[in-house]
Amino acid sequence: MDSLILGLRVLVSLGAVLGLMWLLQRRLRRGTGAPKAKALAVVARQSVGPKAAVVLVDTDGQRFLLGVTEHGINVLHTSEAPAAQLVPGAVIAQGAAPLSRRAARAAQNGVSATAFGRELLRQLGRQP
């Protein structure tokens with residue numbers, strides 16, 4: 001008789017824990033009703049070391065130049081995001097062979113291989 005009561009207590013406890021997990025999962029999936037975050041677009045990324053990079057990010061009409069390391073992220077520069085613009089030299093002529101895999105990848109993405117460098121200089125106030 002004692003083992004039957006012990007078995008029932010274990011089943012009831014397991015049911016309570018599973019029910020609580022199910023309720024929490026439903027509540028978390030539904031969300032808190034907070035407004036959704038604005039779109040975030042990574043314009044360019046350049047590695048400057050084994051564990052460090054400089055990233056150019058647009059969000060909500062602002063452009064941020066971020067320094068990213070394994071220990072943290074620092075805002076290096078902030079400005080207004082420019083209107084959509086075409087990057088000169090973004091299109092490789094048909095039949096022309098790209099100089100490197102990086103240039104080929106950049107051409108597929110619609111930017112030149114040096115677009116990051118030009119944008120970085122522009123954001124820092126130095127024209128190329």
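From a predicted model like this one, the values you see are computed outputs, not experimental measurements.

Draft legend 1. Just the confidence of the model for the protein, in detail. For the protein, mean pLDDT is 74; residues scoring 70 or higher make up 60% of the total. Between the elements of the protein, mean pLDDT differs from a low of 55, seen in helix α2 (residues 101-109), to a high of 91, seen in helix α1 (residues 2-30). Taken together, the stretch residues 86-99 has pLDDT below 50 and engages in 15 contacts with residues farther than four places along the chain or on a different chain.

Draft legend 2. Examining the side chain of D58 more closely. Along the polypeptide, D58 turns up in strand β2 (residues 52-59). A residue is classified by how much of its surface remains accessible, and D58, at 17% relative accessible area, is buried. Within the structure, D58 has its side chain in polar contact with the side chain of R63 (distance 2.6 Å). Contact partners of D58, with chain neighbours within four places excluded, come to A39, L40, A41, V43, R63 and A81.

Draft legend 3. Seen up close, α1. Here α1 is 29 residues long and its end C-alpha atoms lie 42 Å apart, about the 42 Å a rise of 1.5 Å per residue gives. Of all 29 residues in α1, 0 are buried; the element is thus mostly exposed.

Draft legend 4. Structural detail: a nonpolar patch on the surface. A cluster of nonpolar residues, M1, L4, I5, L8 and L11, forms a patch on the protein surface that exposes about 560 Å² of accessible area. On the secondary structure map, L8 appears in helix α1.

Draft legend 5. Representation of the pattern of salt bridges within the structure. Applying the stated criterion to the full structure yields 2 salt bridges. K51 is the salt-bridge partner of E70, the closest N and O atoms lying 3.8 Å from each other. In this pair, E70 sits in the loop between β3 (62-69) and β4 (73-80) while K51 sits in the loop between β1 (40-49) and β2, placing the two residues 19 residues apart along the sequence. The partner of D58 in a salt bridge is R63, and the shortest N-O contact between them spans 2.6 Å. Note on accessibility: D58 and R63 belong to one class, buried.

Draft legend 6. Quick peek at the sheet that holds β2. A sheet is described by the order of its strands in space; here 4 strands give the open sequence β1-β2-β3-β4, paired in antiparallel fashion. Whereas interior strands pair on both sides, the edge strands pair on one side only; in this sheet they are β1 and β4. Across the sheet, the mean angle separating the axes of adjacent strands is 20 degrees when strand polarity is ignored. Pairing geometry for β1 and β2, over 8 bridges, is antiparallel. What sits directly across from Q46, in β2, is V54.

Draft legend 7. Expanded view of the environment of R45. Tracing the chain through its elements places R45 in strand β1. In this structure R45 comes out as exposed when scored by relative accessible area, which is 57%.

Quick notes on the rules
Residues numbered from 1 in each chain as written. Predicted model: local features only at pLDDT ≥ 70, side-chain atom pairs only at ≥ 80, totals over all residues. Heavy atoms only, no water. pLDDT = per-residue confidence, 0-100. Helix = DSSP H or I, 4+ residues; strand = E, 2+ residues; numbered from the N terminus. Contact = heavy atoms within 4.5 Å. Buried < 20%, exposed > 50% of the residue type's maximum accessible area, 1.4 Å probe, protein only. Polar contact = N/O pair within 3.5 Å; in protein donor to acceptor, adjacent residues only side chain to side chain. Expected span 1.5 Å × (residues − 1). Patch = residues over 30% accessible without salt bridge, like charges linked within 9 Å, V, L, I, M, F, W, Y side chains within 5 Å. Areas by Shrake-Rupley, 256 points an atom, 1.4 Å probe, with all protein chains shown as cover. Salt bridge = Lys/Arg side-chain N within 4 Å of Asp/Glu carboxyl O. Pairing = 2+ DSSP bridges. Axes fitted to C-alpha atoms, helices over the stretch in contact; angles between N-to-C directions.

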